Amino acid sequence: MLKGKSLIEPMDLSVEEIDEILGLAEEIIKNPEEYSQVCRGKILATLFYEPSTRTRLSFEAAMLRLGGNVMGFSSGESSSAAKGESVADTIRTIACYADIVAMRHPKEGAPLVAAMKADIPVINAGDGGHQHPTQTLTDLLTIKTLKGKLNNFTIGLCGDLKFGRTVHSLIKALSRYENINFILISPEELVVPEYIREIMVKKNINFKEVERLENVMEELDVLYMTRVQKERFFNEADYIRLKDSYILDKEKLKNAKEDMIIMHPLPRVNEISVEVDDDPRAAYFKQTKCGMYARMALIMKLLGVEK
Ligand code: CP
């Protein structure tokens, strides 16, 4: 039963609950008009203390397409956080006005603090370099829609695996599905955090860590590119040295499978050349659209509303 729950990290959802959300999202994709009023009278608050295009606006589009209303702020500077208000006090205030909250915050754990203080569902829309569970629902819906399954494939995760919260959440979620092989492609300085490696080891999951994308391209069913997360670096020189570690172009794709899909949570900087956008395997804008449907289904489940 998801009604009234908060979503802070992917493991807050069982595999059955994820399947339920994805199943509902697929239904919404097929018959969107049947869901256009299910959240009439409900309010979503988007509290974004960090920049966002897709997550905030897809949450808002999701609620509007369900017939609900939205309010919120798009930077901490435009809220009373700028005057020193704590997350705990802000969420208690917002809970007086809204039925559900999506929060993005640069500090890891801030949405968890909010969920502990709120009597309405709080959704983590990205906390620092930690987790991004609704991106994971987006990614799973994309893979399910395009590959028809969530098991038995090899996924290459490429780029900033240290600070890339979407990667951490996706590995956690996929580690519960059958026969997923991970190939982790990054410079040595940007490998996955130890706690993520420990999860894969503990669950006996097949994974390898490599530096060169070209060497593993032909093995991949899914290639998940990521941006080097400039905002998480302490030292600009390190960012400049690492930012162009991987640039996917047509040449690098020549050994890729015909039915491989190329994903990216976006925004991209340089890591996928625009010449790849026309390749039929490029799935990142389809992925962006899946984000809205996944969030529509999630909002419905957490609010306990039905068709
Ligand atoms: N994928 C994602 O989180 O994008 P935004 O930062 O634009 O929300």
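Residues numbered from 1 in each chain as written. Predicted model: local features only at pLDDT ≥ 70, side-chain atom pairs only at ≥ 80, totals over all residues. Heavy atoms only, no water.

A.B. asks: Go over the side chain of E17, please, and point to the residues and values.
C.D. replies: Summarising the element assignment, E17 is placed in helix α1 (residues 15–30). When its relative accessible area of 10% is taken as the criterion, E17 is described as buried. A distance of 3.1 Å separates polar atoms of two side chains, one belonging to E17 and the other to K5. Here E17 is in contact with M1, L2, K5 and D12, once residues within four sequence places are set aside. (Helix = DSSP H or I, 4+ residues; strand = E, 2+ residues; numbered from the N terminus. Buried < 20%, exposed > 50% of the residue type's maximum accessible area, 1.4 Å probe, protein only. Polar contact = N/O pair within 3.5 Å; in protein donor to acceptor, adjacent residues only side chain to side chain. Contact = heavy atoms within 4.5 Å.)

A.B. asks: Any chance you could break down the environment of S58 for me, citing the residues and the numbers?
C.D. replies: In this fold, S58 is placed in helix α2 (residues 54–65). Measuring from C-alpha to C-alpha, the distance between S58 and S169 comes to 19 Å, with 111 residues separating the pair along the chain. Within the structure, S58 has its side chain in polar contact with the backbone oxygen of R54 (distance 2.6 Å).

A.B. asks: Hey, could you go over the side chain of H132 for me, with residue numbers and the actual values?
C.D. replies: Among the secondary structure elements, H132 is positioned in the loop between β4 (122–127) and α5 (133–147). In this structure the side chain of H132 is engaged in a polar contact, spanning 3.5 Å, whose partner is the side chain of T55. Contact partners of H132, with chain neighbours within four places excluded, come to T55, R104, A125, G126, R165, T166, S169 and R295.

A.B. asks: Would you mind going over the nonpolar core in detail, with residue names and values included?
C.D. replies: Residues I155, L157, I171, L174, F182 and I299 are the most contacted members of the largest nonpolar core, which totals 62 residues. Top contributing element to this core by residue count: helix α9 (residues 284–303), with eleven residues. When near neighbours in sequence (up to four residues on either side) are disregarded, I171 contacts L157, F182, L184, V192, I196 and M200. One finds I185, M217, L253 and M260 within the second-largest nonpolar core, a separate group that totals 20 residues. (Core = buried A, V, L, I, M, F, W, Y, C linked by side-chain atoms within 4.5 Å.)

Functional significance is not addressed by these values, which are geometric in nature.
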